[in-house]
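Structural description and commentary
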2 protein chains.
Amino acid sequence: MKADKSLLSGSTTLLVLSLLSGGDKYGYQMIAELEEKSDHTFSMKEGTLYPILHTLEKSGAVESYEKEAPTGRTRKYYHITKKGLRLLGEKKEEWASFSQAVNAVLAGSAPAMA
Amino acid sequence: MKADKSLLSGSTTLLVLSLLSGGDKYGYQMIAELEEKSDHTFSMKEGTLYPILHTLEKSGAVESYEKEAPTGRTRKYYHITKKGLRLLGEKKEEWASFSQAVNAVLAGSAPAMA
DNA sequence: TGACATACCTCGAGTTCCTAGGTATAATAT
DNA sequence: ATATTATACCTAGGAACTCGAGGTATGTCA
């Protein structure tokens with residue numbers, strides 16, 4: 001992560017679920033899309049993503065299936081479930097109130113720098 | 001932390017420095033102000049705050065001094081240094097790009113819920 | 001045939017936060 | 001007077017999370 005990696009903490013699940021709400025995707029693809037959509041601010045590592053996907057699957061938030069790519073390779077696609085969509089909704093609200101709270105604290109501090 | 005505690009990661013230093021940029025403060029006071037300014041979204045724990053203050057002091061971002069309160073108790077006040085202000089500036093930029101990136105990913109996903 | 005990109009996975013180390021405990025003093029209640 | 005609560009500081013150990021580094025396997029391209 002370029003922007004202090006520790007900021008990422010806690011938002012990874014939100015980001016993954018958000019990506020999957022836009023359609024089924026496989027792991028490697030999610031990493032690339034995150035990097036692209038965030039304009040290279042995020043670069044989630046495989047060692048981070050795969051365990052998250054496995055946890056989400058165990059909890060029923062996503063489901064996986066294998067599918068052969070045009071190239072002939074087998075990819076593991078993930079699909080977000082209704083439960084996952086509910087979870088996404090909650091995480092979005094958490095993020096909204098969290099970022100709002102941070103901005104509120106920042107607003108009360110020294111004048112914003114250029 | 002009410003909003004998924006793990007979201008806090010990485011933003012604690014930013015929040016503390018931001019508070020101190022508004023004037024010298026002591027630990028207990030910072031916890032109360034954070035809770036108030038964030039409208040009870042944050043409730044930073046002592047076990048989190050004090051080690052952070054010690055680390056910031058070791059790195060020269062803040063300085064501390066003891067001062068007797070009107071009540072007669074001794075309080076340990078922290079003052080942000082020039083180095084600390086620089087650090088605050090960096091952290092603010094990190095936060096700005098991070099939150100922007102998250103919102104960019106969210107924007108590309110399912111329609112925002114109410 | 002060898003090198004590289006794709007695609008998946010796991011383990012262990014490092015970081016960060018919190019719980020739970022401790023110490024001490026001032027204010028308040030009994 | 002004494003007990004309880006609030007203030008105010010601190011630390012150690014555990015839990016959670018991310019990442020680096022490594023492993024496996026297949027497809028592409030020189």
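Below is a short write-up of the structure.

Where strands meet in a sheet, backbone hydrogen bonds hold them as pairs that are either parallel or antiparallel. All names here are of chain A. Overall, antiparallel pairing links the 3 strands, which are arranged S1-S3-S2 in an open sheet. Single-partner strands in this sheet number two, and they are strand S1 (25-26) and strand S2 (62-68). In the sheet, S2 pairs with strand S3 (residues 74-80) via 7 bridges, with the strands oriented antiparallel. Within the sheet, the bridge partner assigned to Glu68 lies in S3 and is Thr74. Against the sheet, helix H1 (residues 12-20) engages S1, S2 and S3, with an angle of about 100 degrees to S3.

We now examine the relation of the copies chain B and chain A. Superposition of chain B onto chain A requires a rotation of 180 degrees combined with a translation of 0.0 Å along the rotation axis, giving an RMSD of 0.1 Å. In symmetry terms, the pair is related by a two-fold rotation axis. Of every C-alpha in chain B, the one belonging to Ser9(B) sits nearest the axis of rotation, 2.7 Å from it. Taken as a fraction of all interface residues of chain B, those also at the interface in chain A reach 100%, which identifies the copy contact as same-surface.

This part is about the sheet that holds strand S1 (residues 25-26) of chain B. All names here are of chain B. The strand order S1-S3-S2 describes an open sheet built from 3 strands, whose pairing is antiparallel. Two strands lie at the open edges of the sheet, namely S1 and strand S2 (62-68), each paired on one side alone. In this sheet, strand S3 (residues 74-80) lies alongside S1 in antiparallel orientation, the contact comprising 2 bridges. Note on S3: the bridge partner recorded for Tyr26 is Tyr77.

Around DNA strand C, a shell composed of 22 residues is seen, among which Arg73(A), Arg75(A), Lys76(A), Thr48(B) and Arg73(B) lie nearest. What you see for DNA strand C is that sugar and phosphate hold 64% of its atoms within 4 Å of the protein. Contact distances for DNA strand C include 3.1 Å between a phosphate oxygen and a side-chain N or O atom of Tyr26(A). The separation between a phosphate oxygen of DNA strand C and a polar side-chain atom of Tyr50(A) is 3.1 Å. When contributions to the surface near DNA strand C are tallied by element, the ones reaching two or more residues are helix H2 (27-37), helix H3 (46-58) and S3 of chain A together with helix H3 (46-58) of chain B.

A separate point is the packing of aromatic side chains. Applying the stated criterion across every chain, the model contains 11 aromatic pairs over all chains. Relative to Phe98(A), the ring of Trp95(A) has its centre 6.2 Å away and its plane inclined at 40 degrees; by these criteria the two rings are tilted. Of this pair, Trp95(A) and Phe98(A) both sit in helix H4 (residues 82-107), 3 residues apart, which is roughly one turn of that helix. Every member of this aromatic cluster is reached through a ring pair, and the members are Phe42(A), Trp95(A), Phe98(A), Phe42(B), Trp95(B) and Phe98(B). Lying across the ring of Tyr77(A), Lys67(A) places its NZ or CZ 5.4 Å from the centre.

The end-to-end C-alpha separation of helix H4 (residues 82-107) of chain B is 37 Å, in line with the 38 Å expected for 26 residues at 1.5 Å each. Where H4(B) is concerned, the buried positions are Gly84(B), Leu88(B), Gly89(B), Lys91(B), Lys92(B), Trp95(B), Phe98(B), Ser99(B), Ala101(B), Val102(B), Val105(B) and Leu106(B). Residues of H4(B) that are buried in the fold lie against H1, H2 and H4 of chain A together with helix H1 (12-20) and S3 of chain B. One side-chain oxygen at the N-terminal end of H4(B) lies 3.3 Å from the backbone nitrogen of Lys83(B); it belongs to Thr81(B).

With 38 residues of chain B at the contact, the number on the chain A side is 38 residues. Together chain B and chain A conceal approximately 3,500 Å² of surface at their shared face, both sides included; 70% is due to carbon and sulfur atoms. When residues of chain B are sorted by the area they lose upon contact with chain A, Leu7(B), Trp95(B) and Phe98(B) head the list and together hold 20% of the total. Where chain B meets chain A, there are 0 salt bridges. On inspection of chain B and its partner chain A, the count reaches 4 residue pairs in polar contact (both at pLDDT 80 or more).

All right, on to the packing of H1(A) against H4(B) then. Their axes nearest at 8 Å, the elements H1(A) and H4(B) cross at an angle of 25 degrees. As the angle between them shows, H1(A) and H4(B) are arranged roughly parallel. Where H1(A) crosses over H4(B), the handedness of that crossing is left-handed. Between H1(A), through Leu14(A), Leu15(A), Ser18(A) and Leu19(A), and H4(B), the contact on the second element is made entirely by Val102(B), Val105(B) and Leu106(B).

Cut-offs applied
Residues numbered from 1 in each chain as written. Chains lettered and ligands numbered in written order. Predicted model: local features only at pLDDT ≥ 70, side-chain atom pairs only at ≥ 80, totals over all residues. Heavy atoms only, no water. Pairing = 2+ DSSP bridges. Helix = DSSP H or I, 4+ residues; strand = E, 2+ residues; numbered from the N terminus. Contact = heavy atoms within 4.5 Å. Axes fitted to C-alpha atoms, helices over the stretch in contact; angles between N-to-C directions. Least-squares fit on C-alpha atoms with pLDDT ≥ 70 in both. Near = heavy atom within 4 Å. Polar contact = N/O pair within 3.5 Å; in protein donor to acceptor, adjacent residues only side chain to side chain. Phe/Tyr/Trp six-rings, centres within 6.5 Å; stacked < 30°, edge-to-face > 60°. Lys NZ or Arg CZ within 6 Å of the ring centre and 35° of its normal. Expected span 1.5 Å × (residues − 1). Buried < 20%, exposed > 50% of the residue type's maximum accessible area, 1.4 Å probe, protein only. Buried area = accessible area lost by both parts, 1.4 Å probe. Salt bridge = Lys/Arg side-chain N within 4 Å of Asp/Glu carboxyl O. Parallel < 35°, antiparallel > 145°, perpendicular 65-115°, else oblique. Left-handed = near helix turned anticlockwise from the far one by under 90°.

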